[in-house]
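# Tertiary structure, described
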Amino acid sequence: MRRVVSVARVLQFAVLALGLLCFAGAAAGQMAGMVRGTVTDAEGKPVEGARIIFKFEGISRDQETRTDGKGIYAKVGMAPGPYTLVAEKQGMGTKTANITLRIGDRLIVNFELASEASLGTPAVAKAFQEAVAASAAGRNEEAIARFQEALALNPKCYACQYNMGLVYAKMKEYDRAVTAYQTAIELNPKASDPFDGLAAVYNAQRKFDEAAKAGQSAASLRGTTGGGGDAGAVFDQGLILWNAGKTEEARAKFEETLALDATHGEVHYWLGMANLNQGKMPEAVQEMEIYLQREPKGRFAAEATGLLSQLKK
């Protein structure tokens, strides 16, 4: 999926109102978010010309950009909501990252792609490159065949197993995806990406307990388990626990999110849902109101408005 070295969220606020028109323009600017980061190879060298694709969930039109000579990319003016980020370059494989961009967010998402040297022999690199190209073109069966060819030449090719897991997941062959991710973990126990892949697959299979464990393992490897960790990663852990029906554990993660980032907006919606689930109606109303104040056009704004209309009757 990705190698997210760091994900930093800094909510930008305080706009200067210079008349109604100026205020509207400033508010619109605040609504938009930005994602930036670096793409490096397995040796830590910057990757120039890597393609970064931003896939907004529920909308077919994608946005994209490319890295510069220092391996840096940036995308500004992005609408809030859930995205899948894809970093790719011919011959170096693909990495993905799932993020939720909130109003005014400034996120840093870094990726690491395979280098030819890390794949082994030129024959392995050739098969790997052909697999990546086939996958990018939607020829999934061919991609799997080429990855297997590379693995026959180098059974310890971590990038081959991980990328094969991505292709199987895309094909919804989830059991095979799990096997590929688990093998990738055996080859590189310190990599967080395969655990992220497992979490996504388990969520798709509604195996929420397994998804929670995989997500926590990924967060631990990235050093984002709390106590100075990243609010976004902790929030994501809370969502996985919520999906698993672990309301109290999810609440603890949501509260930890606020401790790490007091300006976080969407977490109030989920705290409101937790209170609603436990019959704490006044507390639920309070959290929903805070959510709507902070994210009036957030992805759950309609649901929160509807719930408030019922709770206040």
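Located above this text is the structure these notes cover.
Now for a quick tour of the structure. Fair warning: this is a prediction, and the values are worked out from it, not measured in the lab. (Residues numbered from 1 in each chain as written. Predicted model: local features only at pLDDT ≥ 70, side-chain atom pairs only at ≥ 80, totals over all residues. Heavy atoms only, no water.)

### Some points on the packing of helix α5 (residues 158-170) against helix α6 (residues 174-187)
Orientation of α5 relative to α6, taken along the N-to-C sense of each, is 160°, at an axis distance of 8 Å. One finds that α5 runs roughly antiparallel with respect to α6. Here the hand of the crossing between α5 and α6 comes out left-handed. Between α5 and α6, the contacting residues are Y158, Q161, Y162, M164, G165, L166, Y168 and A169 on the first element and Y174, R176, A177, A180, Y181, T183, A184 and L187 on the second. Split by residue class, the contact of α5 with α6 holds 12 nonpolar, three polar and one charged. (Axes fitted to C-alpha atoms, helices over the stretch in contact; angles between N-to-C directions. Helix = DSSP H or I, 4+ residues; strand = E, 2+ residues; numbered from the N terminus. Parallel < 35°, antiparallel > 145°, perpendicular 65-115°, else oblique. Left-handed = near helix turned anticlockwise from the far one by under 90°. Contact = heavy atoms within 4.5 Å. Nonpolar A, V, L, I, M, F, W, Y, C, P; charged D, E, K, R; others polar.)

### Thoughts on unusual backbone geometry
In this structure, K172 takes a positive phi of about 65° despite not being glycine. In this structure, R206 is a non-glycine residue whose phi angle is positive, near 60°. By secondary structure assignment, the location of R206 is in the loop between α7 (193-204) and α8 (208-222). Classification of R206 by relative accessible area gives exposed; the value is 63%. (Buried < 20%, exposed > 50% of the residue type's maximum accessible area, 1.4 Å probe, protein only.)

### Regarding the side chain of H268
Structurally, H268 is set in helix α11 (residues 266-277). Residue classification places H268 among the buried positions, given a relative accessible area of 6%. In this structure the side chain of H268 is engaged in a polar contact, spanning 2.6 Å, whose partner is the side chain of E287. (Polar contact = N/O pair within 3.5 Å; in protein donor to acceptor, adjacent residues only side chain to side chain.)

### Some remarks on helix α10 (residues 247-260)
In this model, α10 (14 residues) spans 20 Å end to end at C-alpha, consistent with the 20 Å of a helix rising 1.5 Å per residue. T247, A250, R251, K253, F254 and T257 are the residues of α10 that are buried. Down the axis of α10, the buried set is contained in an arc of 160°. They therefore lie on one face. (Expected span 1.5 Å × (residues − 1). Arc of directions from axis to C-beta.)

### Some thoughts on the pattern of salt bridges
Applying the stated criterion across every chain, the model contains 12 salt bridges. With a closest N to O distance of 2.9 Å, E88 and R51 form a salt bridge. Of this pair, E88 sits in strand β5 (residues 81-89) while R51 is found in strand β2 (residues 51-56), placing the two residues 37 residues apart along the sequence. For R51, a relative accessible area of 27% corresponds to the partly exposed category. Among the ionic pairs, E256 bridges to K253, the shortest N-O distance being 3.7 Å. With E256 and K253 both in helix α10 and three residues apart, this pair spans about one turn of that helix. (Salt bridge = Lys/Arg side-chain N within 4 Å of Asp/Glu carboxyl O.)

### Structural notes on the pairing of strand β1 (residues 33-40)
Where β1 meets strand β4 (residues 72-78), five bridges bridge the pair, whose relative direction is antiparallel. Along β4, the bridge assignment pairs R36 with A74. Examined bridge by bridge, β1 and strand β7 (residues 106-108) share three bridges and lie parallel to one another. The residue of β7 that forms the bridge with V35 is L107. The pairing of β1 with strand β8 (residues 111-112) spans two bridges and is classified as parallel. Looking across to β8, one finds that V39 is bridged to F111. (Pairing = 2+ DSSP bridges.)

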